[in-house]
Structures are given as C-alpha cells and as structure tokens.
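Coordinate analysis (summary)
Chain residues, written in single-letter form:
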Amino acid sequence: MPSTDLLLTFNAGSSTIKIGIFARDGAEARRIGKGVIDFRAEPLSLSLIKGSQTFEMPLKAKLTEDLQDVIDETFVRLGDHFDIAATRVAGHRVVHGGDRFIGPTALDAATIDALDALTPLAPLHQPQALRFIRALRHLKPHLAQTASFDTAFHATQDDLVRRFAIPRALHDEGVKRYGFHGLSYKFIAGELRRRAPSAAKAVVAHLGSGASLCALDQGVSRDCSMGFSTLDGIPMATRPGWLDPGVILHLAGEKKQSFREIEDLLYHRSGLLGVSGISADTRELLKDGRPEARQAIDLLTLRIAGEIGRMTATLGGLDAVIFTAGIGEHQPEIRAGVAKRLSWLGLAIDEKANAANDFTISTGESRIATHVIATNEEQVIADEALSILRGD
C-alpha cells in the first residue's frame, strides 16, 4: 500500500467523540490530526487540529439516534483537510469485550451482534461505540472496521483477583471483575518499557472524569480498581467509586427509589459533585475555598493512596507510581496530595518538578520513583487497527 493510506480512530465518550487521523508510515501509524465533537454543544461543531493549526467547523447536521448525518458531514469536513478517500480502516474504542474479546478484532455483522450482547455489562458505554460502528458501516459499507477493548488488557489478571465473594454460578455467568481504561494502561506500559525499564512493579493512576488505577508487573496487568463496572474503585467526577452494596439496598428498600433513580444517582450525581455539592471538576474545586470543596479533594487523594497501598500488596512490592490522563498529567496539587499520604512508603515529591509536570517528579532520595506520562489511547487503537489490516 502507498504511504498515503490513512487510518481513523473513534473514541466515543458519553458526550463527546474523539477522532484520530493517522497516516500509515511503513509499519507504523503516525498521527497527523485529531478532532473532537462535543454533543452537548448547540450547534454541533468539529474542532480539528492539524499540525500547529486549529480549525473550528460548525456542523449543519442535527444530533440523531443513528448519528448518520453527523458522521457523513464529519467525513466531508475532514476531507477539506485530508485525503479522506485514502482511509483504509476505522478503529473504535469499545469499553467491554467480556471474556470473549481479549485482543483487537475485525468487525463484521456477527461480531457487532456479539458486542451488542455485552451491553448489559456496560449499559451506558457500549451503546455509544456501537452507534458509531453501525453508522459508519451504513455510510461506508466497504471500509474495514476494528474494535479495541478497554477490558482486554486486564485479561492477564489472576482468577482470584477477578472474583467476587458470591456464588460460583454468578461468576461463571460473567459477574466478575473486568477492569477498564485498558487502552490507556497498554500505552503507559509501553512507555514504561521505553522510558523507565527499572519500574518493574508499578501502579498507574489514570485520573480523569472517569478514573481508575492499575497494578503492572513487567507491563502486565495484575489488578485494577474498577471491577464489574465503571462505577467501582476511587471516586470520580460524578461516580462514587467503591460503595457498600447495602447502600443500594437501602435506597431501593427504605427510600423506595426506582432503578432509574439509583442509576442516575450513581452515574451522574455522586463522586466529587456529590460530595462537594459544587462541581465535578477538580480544577474548580481546588480554586474554591469552601470546606465542602476541600473535603471532596481530600477524599479523592485518600482513596487513590489507599488503592496504591492495596495494589502494592497484590504486586508484592512497588517500584514506581505513574500519573496519567487529564488530572494526573496536569494537576500538581492532586499528585502532591496523593504523595503526602504515601510518605510511609518512602515516596517523596520534588515540588519544583511536580509543579512543572516533569516526567520524573520524585526526589533523588525517594524510595518510590514517581512519573507523569501523557497517555494516548488513540495511538493504541490505530496501532491495533493497523496490525489487523496487516494480518498480524
């Protein structure tokens, strides 16, 4: 194939779609552009970055359930800046692969149906990716499509780690810990091998609106804070993280709340927003002087530090802590708060390096190396799509 072949990646969130544009450069996928559509905006607009240039392109298409008009116009807009006809494959981030999909896969009708069957395991995330997959399949039926899974990276975890203490029959039916953010962790594992090979036992904190931690041993996932769903683990922007199941029984029984009310509470009204009553955004909470804002931040750093301690037990030791994603990469105050709670492990932060978001933010005397690494889920999706295209 000529070097001008393009690969597109689609990373669907609950309210946005991130689009990566990659050129095939020999055996590599090289990013040449990226775009974002925020579905909360009115009218819709495609924000595109190409090199040092940024373009804001309003879209005439209206948001519909099948997304076909939006995607059709998006391809037209992308064609103003790239040879979009040279696209050979579109790769998608899919949150849940269950136990069946433990690596990237080509998408056909049967595979799409199999992914749809997993929707009960990720009811708010799986449908989003499937909407884009089906819309693109309708508009460009001959374009190859692939799926990369957030759960696949964690398939290496021991069965004991993945089990809940529930009847075995439920476990066998799929009620188990899966773990998420696997594309991000796969990218970070590769960066650690390249940039910090001595960090054999590492805990990675992927801190964004959705947040989790992962224990890596030689780049292999051994534990994860998220379990059966993306609600589990540490507090997030609007999700509670770990929660005593008795709370759910109380809400459904004593409070007589419906399934939908409880679902809305857990996904949209809890976490930092719920604790503070002010905002789900750590940047706003850090600027706010009210005690409720401070408590939300303190609860977040307490839970992160607690998970790192727990995962140190899983790994049998700890060489490094890695911060990544929006909060992890750009908010020194959060990193410092976590580090302070881990001083008992011998972790010490260099204030100047931390303030500058340097790669290494730990002091020379720190027993635990601490790094900040920017994640790149779209690169992993593109690499995996290209590997399928090559027939690897």
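Worth saying up front: this structure is predicted, and the values here are computed from it rather than measured. (Residues numbered from 1 in each chain as written. Predicted model: local features only at pLDDT ≥ 70, side-chain atom pairs only at ≥ 80, totals over all residues. Heavy atoms only, no water.)

Considering the sheet that holds strand S2 (residues 16-25)
- Across the sheet, which stays open at both edges, the eight strands sit in the order S5-S4-S3-S2-S1-S6-S8-S7 with mixed pairing between neighbours. Of all strands in the sheet, those bounded by a partner on one side alone are strand S5 (53-58) and strand S7 (105-106).
- Relative to strand S8 (residues 144-149), S7 runs antiparallel, the two sharing two bridges. Residue Thr105 lies in a different strand from S8, and its bridge partner there is Ala147.
- Helix H1 (residues 68-79) contacts strand S1 (6-12), S2, strand S3 (28-38), strand S4 (45-50) and S5 of the sheet and is inclined by roughly 30 degrees relative to S4. (Pairing = 2+ DSSP bridges. Helix = DSSP H or I, 4+ residues; strand = E, 2+ residues; numbered from the N terminus. Contact = heavy atoms within 4.5 Å. Axes fitted to C-alpha atoms, helices over the stretch in contact; angles between N-to-C directions.)

Digging into the pattern of salt bridges
- Scanning the entire structure with this criterion turns up 24 salt bridges.
- For Asp38, the salt bridge is made with Arg40, and the minimal N-O distance between the two is 3.0 Å.
- Here Arg40 falls in the exposed class, since its relative accessible area comes to 63%.
- Ionic pairing is found between Asp150 and Arg93, a salt bridge with its closest N-O pair at 2.7 Å. Of this pair, Asp150 sits in the loop between S8 and helix H4 (159-162) while Arg93 sits in strand S6 (residues 87-94); the two residues are 57 residues apart in sequence, bridging distant segments of the chain.
- On the accessibility criterion, Arg93 (13% relative accessible area) is buried.
- Via salt bridges that share partners, Asp99, Arg162 and Lys176 belong to a single interconnected network. (Salt bridge = Lys/Arg side-chain N within 4 Å of Asp/Glu carboxyl O. Buried < 20%, exposed > 50% of the residue type's maximum accessible area, 1.4 Å probe, protein only.)

A few points about the side chain of Thr111
- Within the secondary structure, Thr111 sits in helix H2 (residues 109-116).
- With residues near it in sequence (within four places) discarded, Thr111 still touches Phe101, Thr105 and Ala106.

Notes on the sheet that holds strand S9 (residues 201-207)
- With respect to topology, five strands assemble into an open sheet ordered S11-S10-S9-S12-S13, the strand pairing being mixed. Of all strands in the sheet, those with a lone pairing partner are strand S11 (220-224) and strand S13 (369-372), marking the two edges. Each adjacent strand pair in this sheet contributes to an overall mean axis angle of 25 degrees, direction not counted.
- Of the pairings in the sheet, the one linking S9 to strand S10 (residues 211-217) comprises seven bridges and is antiparallel in character.

Thoughts on the domain arrangement of the protein
- What the domain assignment lists for the protein is domain 1 (6-149) and domain 2 (197-372).
- Contact residues are listed per partner, giving four residues for domain 1 and six residues for domain 2.
- With both chains or domains summed, domain 1 and domain 2 bury close to 440 Å², and 67% of this area falls on carbon and sulfur atoms.
- When the area that domain 1 buries against domain 2 is broken down by residue, the three leading residues are Leu121, Leu124 and His125, summing to 77%. (Domains from an automatic or database assignment. Buried area = accessible area lost by both parts, 1.4 Å probe.)

Side note on the packing of H2 against helix H3 (residues 126-139)
- Taken N-terminus to C-terminus, the directions of H2 and H3 make an angle of 160 degrees; their axes are 10 Å apart at the nearest point. The pairing of H2 with H3 is recorded here as roughly antiparallel in orientation. In this structure, the crossing between H2 and H3 has a hand that is left-handed. Here H2 contributes Ala109, Ile112, Asp113, Leu115 and Asp116 to the contact with H3, which in turn contributes Gln126, Leu130, Ile133, Arg134 and Arg137.
- Per-class residue counts for the contact of H2 with H3 are five nonpolar, one polar and four charged. (Parallel < 35°, antiparallel > 145°, perpendicular 65-115°, else oblique. Left-handed = near helix turned anticlockwise from the far one by under 90°. Nonpolar A, V, L, I, M, F, W, Y, C, P; charged D, E, K, R; others polar.)

Considering unusual backbone geometry
- The phi dihedral of His181 falls on the positive side, at around 60 degrees, and the residue is not glycine.
- Its identity as a non-glycine residue notwithstanding, Asn357 has a phi of 55 degrees, on the positive side.
- Inspection of the secondary structure puts Asn357 in the loop between helix H14 (351-355) and S13.
- On the basis of relative accessibility, which here comes to 30%, the residue Asn357 falls in the partly exposed class.

Details of the pairing of S5
- For S4 and S5, the ladder comprises six bridges, and the chain directions are antiparallel. Across the sheet, the residue bridging to Leu46 is Met57, located in S5.
- In sequence, S4 turns back onto S5 through a hairpin of two residues, with Gly51 there showing a positive phi of about 60 degrees.

Examining the pairing of S11
- As judged from the four bridges shared by S10 and S11, these two strands associate in the antiparallel manner. Within the sheet, the bridge partner assigned to Cys214 lies in S11 and is Cys224.
- A loop of two residues connects S10 with S11, the two strands running antiparallel in sequence, and Gln218 in this loop sits at a positive phi of about 55 degrees.

Considerations on H3
- In a regular helix each residue adds 1.5 Å, so 14 residues correspond to 20 Å; H3 covers 20 Å between its end C-alpha atoms and thus fits that length.
- Those residues of H3 that fall on the buried side of the exposure criterion are Gln126, Gln128, Ala129, Leu130, Arg131, Phe132, Ile133, Ala135 and Leu136.
- Of the surrounding elements, those touching the buried residues of H3 are S1, S2, H1, S6, H2 and S8. (Expected span 1.5 Å × (residues − 1).)

Describing the packing of aromatic side chains
- Here the structure, examined in full by the defined rule, presents three aromatic pairs.
- Aromatic side chains Tyr178 and Phe228 sit 6.4 Å apart centroid to centroid with 45 degrees between the ring planes, which places their arrangement in the tilted category. Note that Tyr178 is positioned in the loop between helix H5 (168-172) and helix H6 (182-195) and Phe228 in the loop between S11 and helix H7 (245-252), a separation of 50 residues in sequence.
- What makes Tyr178 buried here is its relative accessible area of 3%.
- For Phe228, a relative accessible area of 27% puts it in the partly exposed group. (Phe/Tyr/Trp six-rings, centres within 6.5 Å; stacked < 30°, edge-to-face > 60°.)

Some thoughts on the environment of Glu42
- With respect to the helices and strands, the residue Glu42 is situated in the loop between S3 and S4.
- Sequence-wise, Glu42 and Leu63 are 21 residues apart; in three dimensions their C-alpha atoms are separated by 9.6 Å.

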